[in-house]
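Coordinates in review
Spelled out, the chains give:
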Amino acid sequence: MTKAIVIYESRSGNTEMMAKAIVAGLEEAGVDVELKRAVRAKADDLKDMDAVVLGSPTYVRSLIAAMKTFLFEMEKADLKGKVGAAFGSYGWSGESIEILTETMKNLAGMNVIEPGLRIKGRPTEQGLKECREFGKKIAEKIK
Ligand SMILES: Cc1cc2nc3c(=O)[nH]c(=O)nc-3n(C[C@H](O)[C@H](O)[C@H](O)COP(=O)(O)O)c2cc1C
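Going along each chain's sequence as written, the residues are numbered from 1 onward. With the structure being a predicted model, the display of local features is reserved for residues of pLDDT at least 70 and the display and counting of side-chain atom pairs for 80 or more, all residues being used for whole-chain, interface and lining totals.

1. Structural notes on the overall build of the chain
Within the chain one finds 4 helices and 8 strands. Note on conventions: DSSP H or I runs of at least 4 residues are helices, E runs of at least 2 residues are strands, and numbering of each starts at the N terminus. Its helices and strands in sequence order give the chain the pattern β-α-β-β-β-β-α-β-α-β-β-α, from N to C terminus. Principal-axis analysis of the C-alpha atoms gives the chain an extent of 35 × 30 × 25 Å. Exposure criterion: with C-beta atoms placed from backbone coordinates, a residue whose C-beta has 20 or more other C-beta atoms within 10 Å is buried, one with 12 or fewer is exposed, and one in between is partly exposed. The buried share of the chain, reckoned over its 143 residues, is 45%. Partitioning the contacts of the chain with sequence separation of at least 6, the portion at a separation of at least 24 is 81%. Contacts here follow a simple rule: the backbone-placed C-beta atoms of the two residues must lie within 7 Å.

As C-alpha cells, then:
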C-alpha cells in the first residue's frame, strides 16, 4: 500500500478543512494517509512516505510561522525524487503555495505537482470537492 503524509497549519480553520478533504481524496484512492499539524511534525514522520503534502495559509505574504519552522525540520529528511504537493487558503495574494512548491523542489529535490491548490477564504462544497480531487491526483502520481 502506498503511503502519504499531509502536514498543515491553520489559524482560523480554512487550510485545516482543505487538509481533511485532501486526506479523504487520498484515502478514496486507496492511499494510507497520516494527517499532522506542522507544529507536531518531525523529520522521522517523513520516513517511508511515498508523498509529502504541505499546507499553509498565507499571512503577510508568507507562510504561517509553524510551517516555516517545520521546513527546517524537513531539511533533515531525504526526500529526493519523492512526490510533493502544496495547498493552502488565502485572502488576496496567496504566496504560501508557491513558497512551499519552490522549497520542496529546491531544498528537497522532490517531484512536485504543479500548480498547487489555492482556495480563497473558507472552502465551499465546491472547494472541498476540488481538494478531494487534488488528493486523488496526488494518489495517481504515486502509483
Ligand atoms: C494578519 C493577516 C495577514 C494576512 N495576510 C495575507 C496575505 O499577505 N496574503 C493573502 O493572500 N492573505 C492574507 N491573509 C488572509 C488569510 O490568508 C486567509 O484569511 C486564510 O483563509 C486563512 O487561512 P487559515 O484559516 O487556514 O488560517 C491575512 C490574514 C490576516 C489575519
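2. Side note on the site of the ligand
Around the ligand, the surrounding shell holds 18 residues, and the nearest of these are Ser 10, Asn 14, Thr 15, Pro 57 and Gly 91. Elements that contribute at least two residues to the shell around the ligand include exactly α1 (14-28), β4 (58-59) and β6 (83-90). In terms of residue class, the shell around the ligand is made up of 5 nonpolar, 11 polar and 2 charged. Using the backbone to place each C-beta atom, any residue with that atom within 6 Å of a molecule or strand is considered near it. Under the convention adopted here, Pro, Cys and the residues Ala, Val, Leu, Ile, Met, Phe, Trp and Tyr are nonpolar, Asp, Glu, Lys and Arg are charged, and Gly plus all remaining residues are polar.

3. A look at the pairing of β6
Burial within β6 is extensive, with 7 of its 8 residues counted as buried. Whether two strands pair comes down to DSSP finding at least two bridges between them. Where strand β3 (residues 51-55) lies against β6, 5 bridges are found, and the strand directions are parallel. Within β6, the residue paired with Val 52 across the bridge is Gly 84. Bridge analysis of β6 against strand β7 (residues 111-112) gives 2 bridges, and the strand direction is parallel. Of the residues in β7, the one forming a bridge with Gly 84 is Val 112. Pairing between β6 and strand β8 (residues 117-120): 4 bridges, direction parallel. Paired with Tyr 90 across the two strands is Lys 120, which belongs to β8.

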